[in-house]
Amino acid sequence: MTNFINHTLPNGINLYIYPTEKFKTIVYSLFLHQNLKRDLVTKTALLPFVLERGSKKWPNTQKLVVALENLYGADIMSEVTKRGERQILQFILEIVNPLYVRENGELEKKGLEVLKDVLTNPVVENNGFKESFVNREKQILTNIVQGLINDKVSYAVERCVQEMCREEDYGVYRLGRVEDLPNLDSSGLYSYYQELLNSAPIDIFVLGNVDPDNTMALMEEAFNFPRGNIYEMEPTLIYKEVSEPRYVEERLDVNQGKLTLGFRTNTKVTDDDYYPLLLYNGILGAFPHSKLFQNVREKASLAYYASSRLDREKGILLIASGIEIENYQKALEIIQQQMESIKAGDITDDELDSTRVGYINQIKVTEDSPYQIINRYLGGLISGRQETEEETIEQINRVQVEDVVRVAEKIQLDTIYFLRNKE
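This report concerns the structure included in the present document. (Residues numbered from 1 in each chain as written. Predicted model: local features only at pLDDT ≥ 70, side-chain atom pairs only at ≥ 80, totals over all residues. Heavy atoms only, no water.)

## A short note on the packing of aromatic side chains
Here is step 1 of the chain: In the structure shown here, the tally under the stated rule is 13 aromatic pairs.
Here is step 2 of the chain: Centre to centre, the rings of Phe129 and Tyr190 are 5.3 Å apart; their planes meet at 85°, and the pair counts as edge-to-face. Of the two residues, Phe129 is situated in strand E7 (residues 128-129) and Tyr190 in helix H6 (residues 186-199); the sequence distance between them amounts to 61 residues. Note on accessibility: Phe129 and Tyr190 belong to one class, buried.
Here is step 3 of the chain: With a centroid separation of 5.0 Å and 75° between ring planes, the pair formed by Phe287 and Tyr359 is classed as edge-to-face. Residue Phe287 is located in the loop between helix H8 (274-286) and helix H9 (291-299), and its partner Tyr359 is located in helix H11 (residues 349-366); the two are separated by 72 residues in the primary sequence. The pair Phe287 / Tyr359 is uniform in exposure class, with both members buried.
Here is step 4 of the chain: Through a chain of ring-to-ring contacts, three or more aromatic side chains come together here, namely Phe4, Tyr16, Tyr18, Phe31, Phe205 and Tyr377.
Here is step 5 of the chain: Directly above the ring of Tyr192 sits Lys43, whose terminal nitrogen or CZ lies 4.4 Å from the centroid. (Phe/Tyr/Trp six-rings, centres within 6.5 Å; stacked < 30°, edge-to-face > 60°. Helix = DSSP H or I, 4+ residues; strand = E, 2+ residues; numbered from the N terminus. Buried < 20%, exposed > 50% of the residue type's maximum accessible area, 1.4 Å probe, protein only. Lys NZ or Arg CZ within 6 Å of the ring centre and 35° of its normal.)

## Quick word on unusual backbone geometry
Most peptide bonds take the trans configuration, and most residues that are not glycine carry a negative phi.
Here is step 1 of the chain: Despite not being glycine, Tyr72 shows a phi value in the positive range, around 55°.
Here is step 2 of the chain: Structurally, Tyr72 is set in the loop between helix H2 (61-69) and strand E4 (75-83).
Here is step 3 of the chain: Residue classification places Tyr72 among the partly exposed positions, given a relative accessible area of 36%.
Here is step 4 of the chain: Backbone geometry at Ser301 places phi at a positive 50°, although glycine is not the residue there.

## Some details on the pairing of strand E2 (residues 14-19)
Here is step 1 of the chain: Alignment of strand E1 (residues 5-8) against E2, held across 4 bridges, turns out to be antiparallel. Bridge pairing in E2 links Asn6 to Tyr16.
Here is step 2 of the chain: Taking the residues that link successive antiparallel strands as the turn, the E1-E2 hairpin has 5 residues, and the phi of Gly12 there is positive, at about 90°.
Here is step 3 of the chain: Here E2 pairs with strand E8 (residues 202-208) via 6 bridges, running parallel. From the neighbouring strand, Leu15 faces E8, where its bridge partner is Ile204. (Pairing = 2+ DSSP bridges.)

## Observations concerning the pattern of salt bridges
Here is step 1 of the chain: Scanning all chains against the criterion turns up 29 salt bridges.
Here is step 2 of the chain: In this structure, the salt-bridge partner of Arg251 is Glu249, at a minimum N-O distance of 3.0 Å.
Here is step 3 of the chain: When the shortest N-O distance is used, the salt bridge between Glu340 and Lys343 registers 3.7 Å. Of this pair, Glu340 and Lys343 both sit in helix H10 (residues 328-343), 3 residues apart, which is roughly one turn of that helix.
Here is step 4 of the chain: On the basis of relative accessibility, which here comes to 46%, the residue Glu340 falls in the partly exposed class.
Here is step 5 of the chain: Residue Lys343 is classed as partly exposed on the basis of its relative accessible area, which comes to 31%.
Here is step 6 of the chain: Each of Glu85, Glu168, Lys240, Arg264, Lys314 and Asp414 takes part in one network of salt bridges that share partners. (Salt bridge = Lys/Arg side-chain N within 4 Å of Asp/Glu carboxyl O.)

## Digging into the sheet that holds strand E3 (residues 25-35)
Here is step 1 of the chain: Read across the sheet, 6 strands follow the order E1-E2-E8-E3-E5-E4 without closing on themselves; strand pairing throughout is mixed. Single-partner strands in this sheet number two, and they are E1 and E4. Averaged over neighbouring strand pairs, the angle between their axes works out to 20° when direction is ignored. (Axes fitted to C-alpha atoms, helices over the stretch in contact; angles between N-to-C directions.)

## Overview of H9
Here is step 1 of the chain: Regarding H9, the residues found buried are Lys291, Leu292, Asn295 and Val296. In a view along the axis of H9, the buried residues occupy a sector of 105°, so they form one face of it.
Here is step 2 of the chain: Contacts made by the buried residues of H9 are with H8, strand E11 (305-311), strand E12 (316-323), H10 and H11.
Here is step 3 of the chain: Just past H9, the residue Ser301 takes up positive phi, approximately 50°. (Arc of directions from axis to C-beta. Contact = heavy atoms within 4.5 Å.)

## Some thoughts on the sheet that holds E12
Here is step 1 of the chain: Sheet architecture is open: 5 strands sit in the order E9-E13-E10-E12-E11, paired in mixed fashion. Lying at the two open borders of the sheet, with one neighbouring strand each, are strand E9 (246-251) and E11. If you compare each strand with its neighbour and ignore which way they point, the axes differ by 15° on average.
Here is step 2 of the chain: With 8 bridges connecting them, strand E10 (residues 257-264) and E12 associate as antiparallel partners. Considered in E12, the bridge of Leu259 is made with Ser321.
Here is step 3 of the chain: The strands touched by H9 are E11 and E12; relative to E11, the strand with the most contacts, the crossing angle is about 155°.

## Side note on the environment of Thr25
Here is step 1 of the chain: In this structure, Thr25 sits in strand E3.
Here is step 2 of the chain: Through-space distance from the C-alpha of Thr25 to that of Glu351 is 39 Å; in sequence the pair is 326 residues apart.
Here is step 3 of the chain: Once residues within four sequence positions are removed from consideration, Thr25 is found in contact with Glu94, Ile95, Val96, Asn97, Leu207 and Gly208.

## Side note on the nonpolar core
Here is step 1 of the chain: Counting residues in hydrophobic clusters, the biggest one holds 78 residues, and the most contacted among them are Phe129 and Phe223.
Here is step 2 of the chain: Ignoring sequence-local partners within four residues, the contact set of Phe223 consists of Leu9, Asn11, Ile13, Leu30, Leu112, Leu115, Leu119 and Ile204.
Here is step 3 of the chain: Counting 45 residues, the second largest nonpolar core, distinct from the first, contains Tyr274, Leu310, Ile334 and Val404. (Core = buried A, V, L, I, M, F, W, Y, C linked by side-chain atoms within 4.5 Å.)

## Description of helix H12 (residues 370-383)
Here is step 1 of the chain: An ideal rise of 1.5 Å per residue puts 20 Å on 14 residues; H12 measures up with 20 Å between its terminal C-alpha atoms.
Here is step 2 of the chain: Those residues of H12 that sit buried are Pro370, Ile373, Ile374, Tyr377, Leu378, Gly379, Gly380, Ile382 and Ser383.
Here is step 3 of the chain: As for H12, its buried residues are in contact with E2, E3, E4, strand E5 (86-96), E8 and H11.
Here is step 4 of the chain: Gly384 lies just past H12 and shows a positive phi near 85°. (Expected span 1.5 Å × (residues − 1).)

## Here we look at the packing of helix H1 (residues 41-51) against H6
Here is step 1 of the chain: Remark: H1 packs on H6, axes separated minimally by 11 Å, with the N-to-C direction vectors making an angle of 95°. The orientation of H1 with respect to H6, classified from their angle, is roughly perpendicular. Residues Lys43, Thr44, Leu46, Leu47, Val50 and Leu51 of H1 pack against Leu189, Tyr192, Tyr193 and Leu196 of H6. (Parallel < 35°, antiparallel > 145°, perpendicular 65-115°, else oblique.)

This is how it looks when you write it as structure tokens:
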């Protein structure tokens, strides 16, 4: 059972501590939240790349790596994610628990010193980040964003989301836009980061075999920098009626078509219909026993892959499939037939039971990973629905066929995106 101890530091940073003997390392995970906006997304995404280049005390990557190696191979990682209509910067420090090494009683303190220096004391010149760092990382980010097109499966899903949510903040790519990067300079980026550090909501999770009181004292010492008023996060747009589905076709030099469908579920995580919706997604396309895999891929042989996924924080459902280009109409029809069959209540006991088992197994596996435990709890904070493992399993077991049929009737096709060849 996941049980975090919550404490707010004097500067408004939220601290969540999960003492457990299950893991040999301690994970510190800091999340900085920003509203997902077209004019902010690129410079927000660039920040972790620049910060990880070094700090005042360890002013380049090599010295930073050596400092971490001297802490029994500690590691600092960063990530940029999108959850609902918020952009989140994540910084992770993972160190071996001092209980399992012969020395370094201050190992946690030394590790936190490195993390703090990376976050609060970056290498600065002329009132900005070091220009060579910024220029180099702008090029790397450019390559990453432009490189998305080389992964056609991910590209097709991202393009469907962009078209479907083109008038919403959610339509913004989590790593921003290449065309924004030339306009970002070192001093402006540094000034923006200072604003974020001062007023962004920040959550820090600590997970491992730790003493909560000692950890609170360590964190208050490490993250004692002054901050101002914390801004509010804007709610994510969930409910939207669709008047008519849009068809978007994009032509590239490809041999295989990528058919992606975007749906509005009009269901929020905190709604009573959330768990029926989760089961709906499982029966439709989240597992090998699901209708899309069995009927579209296996029986009809119309797709190389066919699956669905639910974005719980945005309330949209996406179906992704790889097909022969000439099979577009047949594939579209059989996919829609699967959805109509659920709406008609054509759900076998085996489909419902296997879906329950599949999700319950996923939940139990979550408890074996510190990152997934943290991620799950953060999701509860963002959505406003915080449940234990036992409560979640109970909700899944309560769902009946009539509940799945009820949510099926609310789901509306919003966008058909088809990536096909140039001919």
